[in-house]
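# Chain and residue survey
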Amino acid sequence: VASDEAPARGIPEGIEVARALEAILMVVDEPQSVVGLASAVGRPVKEVRAAIAELVSDYDGAAGGPRRGFELREVGGGWRIYVRGEF
């Protein structure tokens, strides 16, 4: 059935913003701006900034979880996942 409506942008209802960002950041070749990430997930920049901070903290083991072998870093005006220097 054809529709004249444009498809909805952003992530489906019920998907955590941090998990959607994590998926995007796993496959990108270049750092992604907060504005670009917000556009990709269809959420406000403020919400995306908070989700990025959550991911950084999670990967660093700040809440008592494991410190991961990778980290989320801001480089060149954007965010990207990198292998930790010691590995």
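Residues numbered from 1 in each chain as written. Predicted model: local features only at pLDDT ≥ 70, side-chain atom pairs only at ≥ 80, totals over all residues. Heavy atoms only, no water.

### Brief notes about helix α1 (residues 17-27)
Within α1, burial applies to V17, A18, A20, L21, E22 and L25. Considering only its buried residues, α1 is in contact with α2 (34-41), α3 (45-60), β1 (70-75) and β2 (78-83). (Buried < 20%, exposed > 50% of the residue type's maximum accessible area, 1.4 Å probe, protein only. Helix = DSSP H or I, 4+ residues; strand = E, 2+ residues; numbered from the N terminus. Contact = heavy atoms within 4.5 Å.)

### Examining α3
Taking 1.5 Å per residue as the helical rise, α3 with its 16 residues ought to reach 22 Å, and the 22 Å between its terminal C-alpha atoms agrees with that figure. Contacts from the buried residues of α3 go to α1, α2, β1 and β2. Within two residues after α3, G61 carries a phi angle of roughly 75 degrees, on the positive side. (Expected span 1.5 Å × (residues − 1).)

### Describing the nonpolar core
V17, L21, L25, V41, V48, I52 and L72 are the most contacted members of the largest nonpolar core, which totals 19 residues. When residues of this core are traced back to their parent elements, those giving at least two are α1, α2, α3 and β2. Those residues in contact with L21, other than ones at most four positions away along the chain, are L37, V41, V48, A51, I52 and L55. (Core = buried A, V, L, I, M, F, W, Y, C linked by side-chain atoms within 4.5 Å.)

### Quick word on the environment of R80
Residue position: R80 is located in strand β2. R80 sits 51 residues away from D29 along the chain, and the two C-alpha atoms are 8.2 Å apart. Sequence-distant contacts of R80, defined by excluding residues within four places in its chain, comprise L25, V28, D29, E30, P31, E71, L72 and R73. At a separation of 3.4 Å, a polar atom in the side chain of R80 contacts the main-chain carbonyl oxygen of D29. (Polar contact = N/O pair within 3.5 Å; in protein donor to acceptor, adjacent residues only side chain to side chain.)

### Overview of the packing of aromatic side chains
Applying the stated rule across the entire model yields one aromatic pair. On the numbers, 4.8 Å between centres and 70 degrees between planes, the contact of Y59 with F70 is edge-to-face. Of this pair, Y59 sits in helix α3 while F70 sits in strand β1; the two residues are eleven residues apart in sequence, bridging distant segments of the chain. Here R73 stacks its cationic end above the ring of Y82, 4.2 Å away from the centre of that ring. Taking the ring centre of Y82 as reference, the NZ or CZ of R80 above it sits at 5.1 Å. (Phe/Tyr/Trp six-rings, centres within 6.5 Å; stacked < 30°, edge-to-face > 60°. Lys NZ or Arg CZ within 6 Å of the ring centre and 35° of its normal.)

### A closer look at the environment of A38
Checked against the element boundaries, A38 lands in helix α2. Taking relative accessible area as the criterion, A38 reaches 5% and is therefore assigned buried. For the pair A38 and R67, spaced 29 residues apart in the sequence, the C-alpha separation amounts to 26 Å. Apart from the residues within four sequence positions on either side, A38 is in contact with R43, P44, V45 and V48.

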